[in-house]
Amino acid sequence: MLQIKNITFAYKKTPILKAISFNVKPGEHVSIIGESGSGKSTLLKLIYGEYDLDAGQILWKDTPILGPKFNLVVGYEFIKYVAQEFDLMPFTSIEENIGKHLSNFFPKEKKQRIAELLDVVELTPFAKQKVKTLSGGQKQRVALARALAKQPEIMLLDEPFSHIDSFKKRRLRRNLFRYLKQKNISCIVATHDKNDVLGFADRILVLQDSKLILNDLPEVIYKHPKTPLVASFFGECNTIDGQLVYAHRLAVVKDAPLKVTVKQTYFEGYRYLIEATKEDHTIIFYHQEYLNPGKDVCLKIVAS
Ligand code: ADP
Ligand code: MG
């Protein structure tokens, strides 16, 4: 088990992370969410051993993960970190990049392994292409495959699909996360995309104001987001009489105490997003039909 025990860290004076504790089991998939600058990347780098902790301890199966003060070479064999910036060898092919750290003493196994990983990231047809000719998204996929080559026990993924277009993203995400589960590889994913989280994560951690404010099942955090910030991660959300209400829980009805005036209607494909006002307060909801600006409607809160 990976144990993060009461860790605190500052680059300079101000702590970026304060007294953070959580555990990750083998094969478990944990998502870290939080605003930009909340310390997600820093937390992953600390788990990787890139910096020295100011307080606390990180252990993997009782081996302490230590920073550069204690290790000449940063990082450990059993843990891989795929950063937001990836450093690949530009003038060599995709397959050589993926196989870089695999032994040449087992050429058949090496070839098989590369083929398996090319398949996971869907780059098989481009195996011989030089990395410098690839798009940002393709490079990100090479970096993912290379990190998996030696079958780590823990994968740290920092916004792993940020450069990948939405045509490819959904399938790649399913392939990669399924692969990690099959191989029982723990993964910690820092992301700002709810689609990386719901449906994949076993647990969600929320970072806010340097602290870990939530650590729970996706279903629990989704249903009880606690703060507007957490709710806004999952979708449009309103505060009505002090209660957080997702936009999809508001339905137009003939008569109800909640009366709003439509300000603008946005086409979203299978529905319209309606921006309305109640006194000076903005209310967002969805509707099947276009609503004219200026129209008054009544809204009711329905069960999820
Ligand atoms: P996130 O990944 O959630 O966007 P980061 O971990 O990258 O957040 O950054 C957290 C905070 O630490 C930010 O305020 C950022 O400016 C600061 N920070 C990040 N890297 C460094 C660094 N190498 N030196 C000093 N400050 C840094
Ligand atoms: Mg980051």
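Conventions adopted
- Residues numbered from 1 in each chain as written.
- Chains lettered and ligands numbered in written order.
- Predicted model: local features only at pLDDT ≥ 70, side-chain atom pairs only at ≥ 80, totals over all residues.
- Heavy atoms only, no water.
- Pairing = 2+ DSSP bridges.
- Helix = DSSP H or I, 4+ residues; strand = E, 2+ residues; numbered from the N terminus.
- 1 Å grid on protein atoms, 1.4 Å probe; cavity = no way out; pocket = protein on both sides within 12 Å on 5 of 7 lines; lining within 4 Å.
- Points joined across faces, edges and corners; volume = space filled by probe spheres on them.
- Nonpolar A, V, L, I, M, F, W, Y, C, P; charged D, E, K, R; others polar.
- Domains from an automatic or database assignment.
- Near = heavy atom within 4 Å.
- Polar contact = N/O pair within 3.5 Å; in protein donor to acceptor, adjacent residues only side chain to side chain.
- Areas by Shrake-Rupley, 256 points an atom, 1.4 Å probe, with all protein chains shown as cover.
- Phe/Tyr/Trp six-rings, centres within 6.5 Å; stacked < 30°, edge-to-face > 60°.
- Buried < 20%, exposed > 50% of the residue type's maximum accessible area, 1.4 Å probe, protein only.
- UniProt positions renumbered as here; feature names shortened; annotations may be inferred.
- Axes fitted to C-alpha atoms, helices over the stretch in contact; angles between N-to-C directions.
- Contact = heavy atoms within 4.5 Å.
- Core = buried A, V, L, I, M, F, W, Y, C linked by side-chain atoms within 4.5 Å.

An unreviewed UniProt entry lists the protein chain under the name ABC transporter ATP-binding protein, with Mangrovimonas yunxiaonensis given as the organism.

(A) Spatial organisation of the sheet that holds strand β2 (residues 15–24). Judged by pairing direction, the sheet is antiparallel, and its four strands sit side by side in the order β2-β1-β4-β5 without closing on themselves. Strand pairing shows two members of the sheet lacking a second neighbour, β2 and β5 (63–64), which therefore form its edges. As paired elements, strand β1 (residues 2–10) and strand β4 (residues 55–60) share five bridges and run antiparallel to each other. Within β4, the position partnered with Thr8 by the bridge is Ala55.

(B) Broad picture of the layout of surface pockets. Empty space within the largest pocket amounts to approximately 370 Å³. As for the largest pocket, its lining consists of 15 residues, of which Tyr48, Lys80, Tyr81, Asp87 and Arg146 are closest to the centre. Of the residues assigned to the lining of the largest pocket, the class counts are seven nonpolar, one polar and seven charged.

(C) A look at the domain arrangement of the protein chain. One can read the domain layout of the protein chain as domain 1 (2–223) and domain 2 (236–301). Here the C-alpha centroids of domain 1 and domain 2 sit 39 Å apart.

(D) Region of the structure containing the site of ligand 1. Around ligand 1, the surrounding shell consists of Tyr11, Ile16, Glu35, Ser36, Gly37, Ser38, Gly39, Lys40, Ser41, Thr42 and Tyr51. Separating a nitrogen atom of ligand 1 from a side-chain N or O atom of Tyr11 is a distance of 3.4 Å. Between Lys40 and ligand 1, the recorded distance is 2.9 Å, taken from a side-chain N or O atom to an oxygen atom. When ligand 1 is considered free in solution it has 560 Å² of accessible area, and contact with the protein chains removes 60% of it. Broken down by element, the shell around ligand 1 gets its largest block of residues, three residues, from helix α1 (residues 40–48). For the shell around ligand 1, the per-class residue count stands at three nonpolar, six polar and two charged.

(E) Region of interest: the packing of aromatic side chains. A complete count under the given rule lists 13 aromatic pairs for this structure. With 5.6 Å between their ring centres and 40° between their planes, Tyr48 and Tyr81 make a pair best called tilted. With a gap of 33 residues between them, Tyr48 in helix α1 and Tyr81 in strand β6 (residues 79–82) connect regions that are remote in the sequence. Tyr81 carries the same exposure label as Tyr48, and that label is buried. Between the aromatic rings of Tyr76 and Phe78, the centroid separation amounts to 5.4 Å while the plane-to-plane angle is 35°, which identifies the pairing as tilted. Here Phe78 falls in the buried class, since its relative accessible area comes to 16%. Through a chain of ring-to-ring contacts, three or more aromatic side chains come together here, namely Tyr222, Phe233, Phe234 and Tyr246.

(F) Structural detail: unusual backbone geometry. Despite not being glycine, Ala19 shows a phi value in the positive range, around 45°. Relative to the helices and strands, Ala19 is located in strand β2. Of the residues examined, Ala19 reaches a relative accessible area of 47% and is grouped as partly exposed. Positive phi is not limited to glycine here, since Ser210 has a value of about 70°. Among the secondary structure elements, Ser210 is positioned in the loop between β9 (203–208) and β10 (211–216).

(G) Seen up close, the UniProt feature "domain: ABC transporter" (unreviewed entry) in the protein chain. When the UniProt feature table is mapped onto this chain, "domain: ABC transporter" (unreviewed entry) is found at residues 2–234. Across residues 2–234 one finds 30% helix and 25% strand; the C-alpha atoms that close the span lie 27 Å apart.

(H) Geometry of the sheet that holds strand β3 (residues 29–33). Spatially, six strands are ordered β6-β7-β8-β3-β9-β10 in an open sheet, and the strand pairing comes out mixed. In this open sheet, the two strands that pair with only one neighbour each are β6 and β10. If you compare each strand with its neighbour and ignore which way they point, the axes differ by 15° on average. Against the sheet, helix α5 (residues 166–182) touches β3, β7 (154–158) and β8 (186–190), its axis set at about 160° to β7.

(I) Examining the nonpolar core more closely. Among the nonpolar cores identified, the biggest contains 34 residues, and Met155, Leu157, Leu176 and Leu180 are the most heavily contacted of them. Secondary structure elements with two or more residues in this core: α2 (94–98), α3 (107–120), α4 (136–148), β7, α5 and β8. No other element matches α4, which puts six residues into this core. If sequence neighbours within four positions are ignored, Leu180 has contacts with Leu148, Met155, Leu157, Ile185 and Cys187. Counting residues in hydrophobic clusters, the runner-up holds 29 residues, among them Phe9, Phe22, Leu43 and Ile188.

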